[in-house]
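Observations on the model geometry
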Amino acid sequence: MSLLPETAREVDALVAQAQFAGRTPSLVMGVVRAGELIHLAAAGEHPRPDADLQYRLGSISKTMTATLVMQQRDAGRLALDDPLERHLPGTTVGTLTLRQLLGHASGLQREPEGEWWERAEGSDLAALLAAVTADKIAYPAHRTYHYSNLAYGLLGGVLERITGTPWAELLRERIFEPLGMRRTTYAAIEPFARGYVVHPWHGTLREEPRTDTGAMAPAGQLWASIEDLARWAAFLAEPAPRVLAADTLTEMCAPVVISDLDSWSGGHGLGVELYRAGERVYVGHGGSMPGYVAALAVHRPTRTAVVGFANSYGFGIGRLGQRILTTVLDAEPAPPQPWRPTATAPPTEIVELTGRWWWMGVPLDVTWDAASGELGALLRGERASRFSPEGPDRWRGRSGPENGEILSVLRDEAGRVRALDIATFVFTRTPDQEP
């Protein structure tokens, strides 16, 4: 699979123009589709990018920390509404919940105490916790969106306390190795791009330090190649069940808080950022550390993503990534999966449920999917829901407007199907049968 030549030329031109206008020494952007890195666009010579060259991920690391938290939730070792005190006792912000910390809805201050943590050698967890005082709460929980790096340092501490395993080791065991991310590491491993600040007046480069951020590492420590970041984007588009259940990732992508109340152009889920681009919503995260910026934007419905790195601080790579993703989706919409006929006729008890039903003069068309064993329900030709079996004459909504609701099959005294009850709305075979 590859981009069409004209789409590839447009993406390459966007990257070349951005590298020139943004004066970044090195820029690389990758397009991912259906689990594969299908196009690499690179510009700059300091160093010349390739698929294996490491850059710093910055806050994209948070999406991986959040995934570890959700793994522990699914394993029953924590609940998202647990107060921090349950896992890290003794802090003065212990009433904040893990959900609030994940979604930047806790009101916790953005940075830890002391020097700018991204550019300083980090402390251990005990020192981090000792400096977390009550005045670190800037707002009451859920009052407003307030991004917090400190929150993710605390979440990393929760993970280590629960598992008894260092955060970096958890990542290696539970994410990197299962997904084949061999070039994603705690510290830089050659070959890697050095990170710079570009002088605004004469264009010289100042190399930035590559720090070990200690207990704040879960907020932004990691390094990766563009090839590995593409693997992570593919996971966010369609997760590997051995790493995280699909339903759990979908839960992570539901908004906890809207970050822009004026235009509703963005928000935050459980560890992932949400970006609105016209009628589409992308999920992902931006990243920055001294000398580096990174981009990750995923359109989950089409399993299409854009990932990118640059090695100069302050370069607007997030906007570039979203623009490239929109360009690709506009130029090359993902083709639908081919329709395949059903091999065998459905059983009689399913046939009785399919066809057209009516409620208040509104039609509901019910179909059956043999591959999934689910019912599809299309209301008024525009509102589609799916139901999976949950017991005799009982189906549970799994998507669409009726997600989570119950479809009950109503029968007459002879056992014949007479109506469908969906969350108390009763559908009959003809409009004349309506109560």
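Residues numbered from 1 in each chain as written. Predicted model: local features only at pLDDT ≥ 70, side-chain atom pairs only at ≥ 80, totals over all residues. Heavy atoms only, no water.

Focus on the overall build of the chain
In terms of regular secondary structure, the chain is built from eleven helices and 20 strands. The dimensions of the chain, computed from C-alpha atoms along their principal axes, are 85 × 60 × 40 Å. Evaluated residue by residue, the chain yields a buried proportion of 48% over its 435 residues. Sequence separation of 24 or more characterises 61% of the internal contacts of the chain that already satisfy a separation of 6 or more. Positive and negative charge centroids in the chain, built from 42 and 52 side chains respectively, lie 1 Å apart. (Helix = DSSP H or I, 4+ residues; strand = E, 2+ residues; numbered from the N terminus. Buried < 20%, exposed > 50% of the residue type's maximum accessible area, 1.4 Å probe, protein only. Contact = heavy atoms within 4.5 Å. Lys, Arg positive; Asp, Glu negative; His and termini not counted. Charge placed at Lys NZ, Arg CZ, Asp CG, Glu CD.)

Focus: the sheet that holds strand β9 (residues 273–277)
Read from one edge to the other, the open sheet built from eight strands follows the order β2-β1-β12-β11-β10-β9-β8-β7, with strand pairing classed as antiparallel. The sheet is open, and its two edges are formed by β2 (36–44) and β7 (257–258), each paired on a single side. Bridge analysis of strand β1 (residues 26–33) against strand β12 (residues 304–310) gives seven bridges, and the strand direction is antiparallel. Bridging across to β12, Gly30 finds its partner in Val307. Where helix α8 (residues 226–237) meets the sheet, its contacts fall on β1, β2, β11 (292–299) and β12, and the angle it forms with β12 comes to roughly 150°. (Pairing = 2+ DSSP bridges. Axes fitted to C-alpha atoms, helices over the stretch in contact; angles between N-to-C directions.)

Some thoughts on the environment of Val366
Along the chain, the position of Val366 falls in strand β14 (residues 362–369). With a relative accessible area of 4%, Val366 lands in the buried category. Spatially, the C-alpha atoms of Val366 and Gly376 are 5.5 Å apart, while their sequence positions differ by ten residues. Setting aside residues up to four positions removed in sequence, Val366 forms contacts with Leu353, Thr354, Gly355, Trp357, Leu375, Gly376 and Leu420.

Looking at the pattern of salt bridges
Where charged atoms from two side chains of opposite charge approach closely, those side chains can pair. For the structure on display, the rule yields 28 salt bridges. Across the pair Arg206 and Glu208 runs a salt bridge whose closest N-O atoms are separated by 3.0 Å. For Arg206, a relative accessible area of 45% corresponds to the partly exposed category. When the shortest N-O distance is used, the salt bridge between Arg411 and Asp393 registers 2.8 Å. Taken together, the residues span a long stretch of sequence, with Arg411 in strand β18 (residues 406–411) and Asp393 in the loop between β16 (383–391) and β17 (394–399) at a distance of 18 residues. Looking at Arg411, the relative accessible area reads 30%, which means it is partly exposed. For Asp393, a relative accessible area of 28% translates into the label partly exposed. (Salt bridge = Lys/Arg side-chain N within 4 Å of Asp/Glu carboxyl O.)

A word on the packing of helix α2 (residues 61–74) against helix α6 (residues 149–163)
It is the contact of α2 with α6, at a shortest axis distance of 10 Å, that shows an interaxial angle of 40°. Comparing the axis directions of α2 and α6 gives the class oblique. In this structure, α2 meets α6 at a crossing whose hand is left-handed. Touching Lys62, Thr65, Ala66, Leu68, Val69 and Gln72 of α2 are Asn149, Tyr152, Leu155, Leu159, Ile162 and Thr163, all from α6. In terms of residue class, the contact of α2 with α6 is built from seven nonpolar, four polar and one charged. (Parallel < 35°, antiparallel > 145°, perpendicular 65-115°, else oblique. Left-handed = near helix turned anticlockwise from the far one by under 90°. Nonpolar A, V, L, I, M, F, W, Y, C, P; charged D, E, K, R; others polar.)

Observations concerning α6
Under the 1.5 Å per step criterion, the end-to-end length of α6 is 22 Å for 15 residues, consistent within 8% with the ideal 21 Å. Counting buried positions along α6 yields eleven of 15 residues, so the element is predominantly enclosed. Where the residues of α6 are buried, they touch α2, α3 (84–87), α4 (98–102), α5 (125–130) and α7 (167–179). Where α6 begins, the side chain of Ser148 points an oxygen toward the backbone nitrogen of Leu150, at a separation of 3.4 Å. Directly beyond the C-terminal end of α6, a positive phi value near 70° is found at Gly164. (Expected span 1.5 Å × (residues − 1). Polar contact = N/O pair within 3.5 Å; in protein donor to acceptor, adjacent residues only side chain to side chain.)

Focus: the packing of aromatic side chains
To describe a pair of aromatic rings, you give the distance between the ring centres and the angle between the ring planes. Tallying each qualifying case throughout the model produces eight aromatic pairs. Measuring from centroid to centroid gives 4.8 Å for Trp232 and Phe235, while their planes differ by 15°, and the two rings are stacked. Of this pair, Trp232 and Phe235 both sit in helix α8, three residues apart, which is roughly one turn of that helix. Taken individually, Trp232 and Phe235 each receive the classification buried, so the pair is uniform in this respect. Clustering of aromatic rings is evident, with ring pairs tying together Phe192, Trp223 and Tyr292. Stacked on the ring of Tyr152, the Lys or Arg Lys62 has its end atom at 5.9 Å from the ring centre. The ring of Phe192 carries the charged tip of Arg194 above its face, separated from the ring centre by 3.9 Å. (Phe/Tyr/Trp six-rings, centres within 6.5 Å; stacked < 30°, edge-to-face > 60°. Lys NZ or Arg CZ within 6 Å of the ring centre and 35° of its normal.)

Remarks on unusual backbone geometry
The step from His46 to Pro47 runs through a cis peptide bond, and the omega angle for that step is -5°. Residue placement: Pro47 occurs in the loop between β2 and β3 (54–56). Between Glu190 and the following residue, Pro191, the backbone shows a cis peptide bond with an omega angle of 0°. Note on placement: Pro191 falls in the loop between α7 and β4 (196–198). Of note, Met360 is a non-glycine position whose phi angle comes to about 55°, a positive value. By relative accessible area, which is 60% here, Met360 ends up exposed.

Section: α8
Taking 1.5 Å of rise per residue, twelve residues should cover 16 Å, and α8 covers 16 Å from first to last C-alpha, within 8% of that figure. Burial runs high along α8: ten of the twelve residues are buried. Listed as buried for α8 are Ile226, Asp228, Leu229, Ala230, Trp232, Ala233, Ala234, Phe235, Leu236 and Ala237.

Here's the deal with the packing of α6 against α7
Contact geometry for α6 and α7: axes closest at 9 Å, N-to-C directions at 75°. Put simply, α6 runs roughly perpendicular to α7. Across the interface between the two elements, Leu159, Glu160 and Thr163 from α6 touch Trp167, Leu170 and Arg174 from α7. Of the residues that constitute the contact of α6 with α7, the class distribution is three nonpolar, one polar and two charged.

Remember, this is a structural readout, not a statement about activity or role.
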